[in-house]
Amino acid sequence: MNTIENIDENPNQELLTQPPTQTQNQTQSHSRRPRGFAATAAAAAAAAAAANNNSNNNNNNASSGKGKKEREKEKERTKLRERHRRAITSRMLAGLRQYGNFPLPARADMNDVLAALAREAGWTVEPDGTTYRLSNQSQSHHHLHQQMAAAAATTTAAFPVRSVESPLSVKNCSVKASVECQPSVLRIDESLSPASFDSVVIPERDSRGGEFNASTSPINNSVECLEADQLIQDVRAGEHEDDFTGTPYIPVYVMLANHVINNFCQLVDPELIRQEISHMKALNVDGVIVNCWWGIVEGWNPQKYAWSGYRELFNIIREFNLKVQVVVMAFHEYGANDSGDAWISLPQWVMEIGKGNQDIFFTDREGRRNTECLSWGVDKERVLNGRTGIEVYFDFMRSFRTEFDDLFVAGLICAVEIGLGPSGELKYPSLSERMGWRYPGIGEFQCYDRYLQQSLRKAAKLRGHSFWARGPDNAGQYNSLPHETGFFCERGDYDSYYGRFFLNWYAQTLIDHADNVLSLASLAFEETKIIVKVPGVYWWYKTASHAAELTAGYYNPSNQDGYAPVFEVLKKHSVTMKFVCAVPSLQDQEALADPEGLSWQVLNLAWDRGLAVAGENALSCYDREGCMRVVEMAKPRNDPDRRHFSFFMYQQPSSLLQGIICFSDLGYFIKCMHGKKS
């Protein structure tokens, strides 16, 4: 009875916990299979249950797939947010470097920024982070400055700015009339902890005199005068931004059009050239630049040099008492990028050799040959009628130096630029328009000719990984974007063990080519200034991989400085580094480009290495706005060492006589460079 009552009160518990009895076991063992209508109903119920289970599984799979897609979308959104954040950070650092002259390293982090700001405010920051001030002022004076700097740090947290603009006079704390309309901004001192802004009393402006009411200022009561090292002033009036009067004199040389000499080394139109040089003379240019084309001078037969057209051109320049400041040894092709100008190819005898041995030209992954210049793989291969590549270059340079020895002695020719790649720049032809490249594509690696592949196999074998003797198979095409490839994307293969090996070899080949050619150029042009042109590949600079720079031969990702080893070679041969200066444009935002950031890195690194630095404008920045940006780059206003370009080469998109260039703009640019324009 007790058992029955318990079951009635809690039947579930009893059925779960009570062990089965003998009767129940017999009943289960002797249960019969359903028959007839019962069997049909049981089968239907089982089928319905199975269908229900399948439906639940499908729903679970669908939910799982949908969740995976959402996660992938969130990853992409996170990547975009990270790129946006990096772009903002890069612009902030570029502004601090260019307009504030902060000595931030190329890969600055927040510690570097804080240290630079603290040093600018007069503090001493040790390498281990210890920060202190060396001052003989009283304790109250020091405490007051701490309050002001801390309040500035708090204010800057909401409004991040770099420079301190204050209308306080160091002597009498008065305001000059010329800066009454300028905003007052306190300098950051981020070595201090934030403090309440209410702890600093800002002196009020007196409505009658226009000066600060010193009698109501506790600052004036405690300190008669603020010292310059405590409140650094950098008042810049907007109306003086384009005033370059008194700035360093930078010579400006203008490049002559390339079609003045035809393919038979004859001067095309001497009178037209005289008119153009006359215009240059009227603009007060310091000299002209002439391209000496290998494809013209040695165009038809090896070691048969025709210089007659250039001799006539130099005589005309001498008539106007101008100097051929720079002669460019142009070992590349010209006019193959739909420029509309004359087309100048490599020498015909070289092209004939190339028909039988196409591996003398740079080659991309698809096997397409680029005839813009010779592959660096033939620098030491005797494939050019028994001569190596560098021997061919040396013979050409030595012939020029011998032919025009009188002009060198007279000082008419002052410097020689050595072409080291396409467009005369030290780079691979990875961004060639004739191969289909368009801005802002990342380009393609150019290392698939037979000779460079032999060099790669040798390097891989020495490393002990012969299977690394290949180019990357996931680096995209000429017009791919970094995030579309497995090699250049975030955390891509470019930073793997293989990627680092390949990029080091690729960049070292570029450096070796420069070293080999410059060694012979130094012999050919003793006691003559030698110039090397470095490209400005600035698109995708704000990404981690710097893909366009990598394909061009500069191993300069965000975690490495790719220009330092190049500049070591230039320093070894005492050459002048000429940098192609570009200015920002609207389309640069989509390409995460940063021409100013790249310029800051390259120029400051070259100056730090002790190199003489020159500049050349990109063809896209010959208007007044672009030229003014170039002037700011050529002689930074806030550089404490007053470093500036040694000279500047103005590259014109066409002849001056075609009217594309505004003479007033060009004249204004030259006066600014000369430091004479107010």
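These lines cover the structure that appears in this document, whether it is placed above or below. (Residues numbered from 1 in each chain as written. Predicted model: local features only at pLDDT ≥ 70, side-chain atom pairs only at ≥ 80, totals over all residues. Heavy atoms only, no water.)

## Considering the overall build of the chain
Regarding its fold elements, the chain presents 20 helices and 12 strands. A fraction of 74% describes how many contacts in the chain between residues 6 or more apart in sequence connect residues 24 or more apart. Of the roughly 33,900 Å² that the chain leaves accessible, carbon and sulfur atoms contribute 50%. (Helix = DSSP H or I, 4+ residues; strand = E, 2+ residues; numbered from the N terminus. Contact = heavy atoms within 4.5 Å. Areas by Shrake-Rupley, 256 points an atom, 1.4 Å probe, with all protein chains shown as cover.)

## Here we look at the packing of aromatic side chains
Under the definition given, this model contains 44 aromatic pairs. Between Phe502 and Trp505, the aromatic rings sit 5.9 Å apart at their centres with planes inclined by 40 degrees, giving tilted as the arrangement. Of this pair, Phe502 and Trp505 both sit in helix H15 (residues 497-524), three residues apart, roughly one helical turn. Taken as a pair, Phe502 and Trp505 share a single burial class, namely buried. Note that Arg470 overlies the ring of Tyr498, its terminal NZ or CZ placed 4.2 Å from the centroid. The positively charged end of Arg500 is found above the aromatic ring belonging to Tyr497, 5.0 Å away from the centroid. (Phe/Tyr/Trp six-rings, centres within 6.5 Å; stacked < 30°, edge-to-face > 60°. Buried < 20%, exposed > 50% of the residue type's maximum accessible area, 1.4 Å probe, protein only. Lys NZ or Arg CZ within 6 Å of the ring centre and 35° of its normal.)

## Remarks on the pattern of salt bridges
Within this structure, the stated rule accounts for 27 salt bridges. Of the charged contacts in the structure, one is a salt bridge between Asp395 and Arg398, with a shortest N-O distance of 3.0 Å. Within this pair, Asp395 and its partner Arg398 are both found in helix H12 (residues 389-403), separated by three residues, close to a single helical turn. For Asp395, a relative accessible area of 11% corresponds to the buried category. Between Lys578 and Glu616 there is a salt bridge whose closest N-O contact spans 2.5 Å. (Salt bridge = Lys/Arg side-chain N within 4 Å of Asp/Glu carboxyl O.)

## Let's talk about the environment of Cys581
The residue Cys581 is located in strand S10 (residues 576-581) in this model. When the C-alpha atoms of Cys581 and Pro595 are compared, they prove to be 7.9 Å apart, with 14 residues separating the residues in sequence.

## Observations regarding the sheet that holds strand S8 (residues 413-418)
Read once around its circumference, the closed barrel built from eight strands follows the order S3-S4-S5-S8-S9-S10-S11-S12, with strand pairing classed as parallel. Taken over all neighbouring pairs, the strand axes of this sheet differ in orientation by 30 degrees on average, direction set aside. Relative to strand S12 (residues 648-650), strand S11 (residues 612-617) is paired through two bridges, and the arrangement is parallel. Its bridge partner lying in S12, Gly615 is registered against Phe648. (Pairing = 2+ DSSP bridges. Axes fitted to C-alpha atoms, helices over the stretch in contact; angles between N-to-C directions.)

## Thoughts on unusual backbone geometry
The amide bond that connects Tyr439 to the next residue, Pro440, takes the cis arrangement and shows omega of 5 degrees. The residue Pro440 is located in the loop between S8 and helix H14 (450-463) in this model. Backbone geometry places Cys265, a non-glycine residue, at a positive phi of 55 degrees. As for its placement among the helices and strands, Cys265 is situated in the loop between strand S3 (252-255) and helix H8 (270-282). Even without being glycine, His546 reaches a positive phi, approximately 55 degrees.

## Let's talk about the side chain of Arg401
Within the fold, Arg401 resides in helix H12. Engagement of the side chain of Arg401 in a polar contact is seen with the side chain of Asp405, the distance being 2.7 Å. Sequence-distant contacts of Arg401, that is, excluding residues within four places in its chain, are made with Phe408, Ala524 and Phe525. (Polar contact = N/O pair within 3.5 Å; in protein donor to acceptor, adjacent residues only side chain to side chain.)

## Description of the packing of H12 against H15
Following both chains from N to C, one finds H12 and H15 inclined at 25 degrees, their axes separated by 9 Å at the closest point. Between H12 and H15, the interaxial angle falls into the category roughly parallel. In the crossing of H12 with H15, the sense of the turn from one axis to the other is right-handed. Contacts from Ile390, Tyr393, Phe394, Met397, Arg398 and Arg401 of H12 reach H15 at His513, Asn516, Val517, Leu520, Ala521, Leu523 and Ala524. When its residues are assigned to classes, the contact of H12 with H15 shows nine nonpolar, two polar and two charged. (Parallel < 35°, antiparallel > 145°, perpendicular 65-115°, else oblique. Left-handed = near helix turned anticlockwise from the far one by under 90°. Nonpolar A, V, L, I, M, F, W, Y, C, P; charged D, E, K, R; others polar.)

## Structural notes on helix H10 (residues 308-319)
Between its first and last C-alpha atoms H10 spans 17 Å; for 12 residues at 1.5 Å apiece the expected length is 16 Å, and the two agree. Inspection of H10 places Gly309, Tyr310, Leu313, Phe314, Ile316 and Ile317 among the buried residues, and these make up the whole buried set. Viewed along the axis of H10, the buried residues span an arc of 155 degrees, placing them on a single side of the element. Positive backbone phi, at 55 degrees, marks Asn321, one or two positions downstream of H10. (Expected span 1.5 Å × (residues − 1). Arc of directions from axis to C-beta.)

## Here we look at the packing of H15 against helix H17 (residues 564-572)
At a minimum axis separation of 10 Å, H15 and H17 run at an interaxial angle of 5 degrees. Relative to H17, the element H15 is oriented roughly parallel. Listed contacts from H17 to Leu510, Ile511, Ala514, Asp515 and Leu518 of H15 are Pro565, Val566, Val569, Leu570 and Lys572. Split by residue class, the contact of H15 with H17 holds eight nonpolar, no polar and two charged.

## Some thoughts on the pairing of S10
Most of S10 is tucked away, with six of its six residues classed as buried. Side chains Thr576, Lys578 and Val580 of S10 all project onto a buried face; the interleaved residues Met577, Phe579 and Cys581 project onto the opposite face, where all are buried too. Here strand S9 (residues 529-534) runs beside S10; their pairing, made up of four bridges, is parallel. Within S10, the position partnered with Lys533 by the bridge is Lys578. Looking at chain direction, S10 and S11 are connected through six bridges and run parallel. The residue bridging Val580 from the neighbouring strand is Glu616, located in S11. At this point the chain moves from S10, through helix H18 (residues 595-608), to the parallel S11, and the crossover so formed is right-handed. (Right-handed = clockwise from strand over helix to strand, strands pointing away.)

## So, the pairing of S3
Side chains of S3 alternate between two faces, with Val252 and Val254 and Tyr253 and Met255 buried alike. The pairing of S3 with S12 spans three bridges and is parallel. Looking at S12, one finds that Val254 is bridged to Tyr650. Taking the sense of rotation as the criterion, the β-α-β connection linking S3, H8 and strand S4 (residues 287-293) turns out right-handed.

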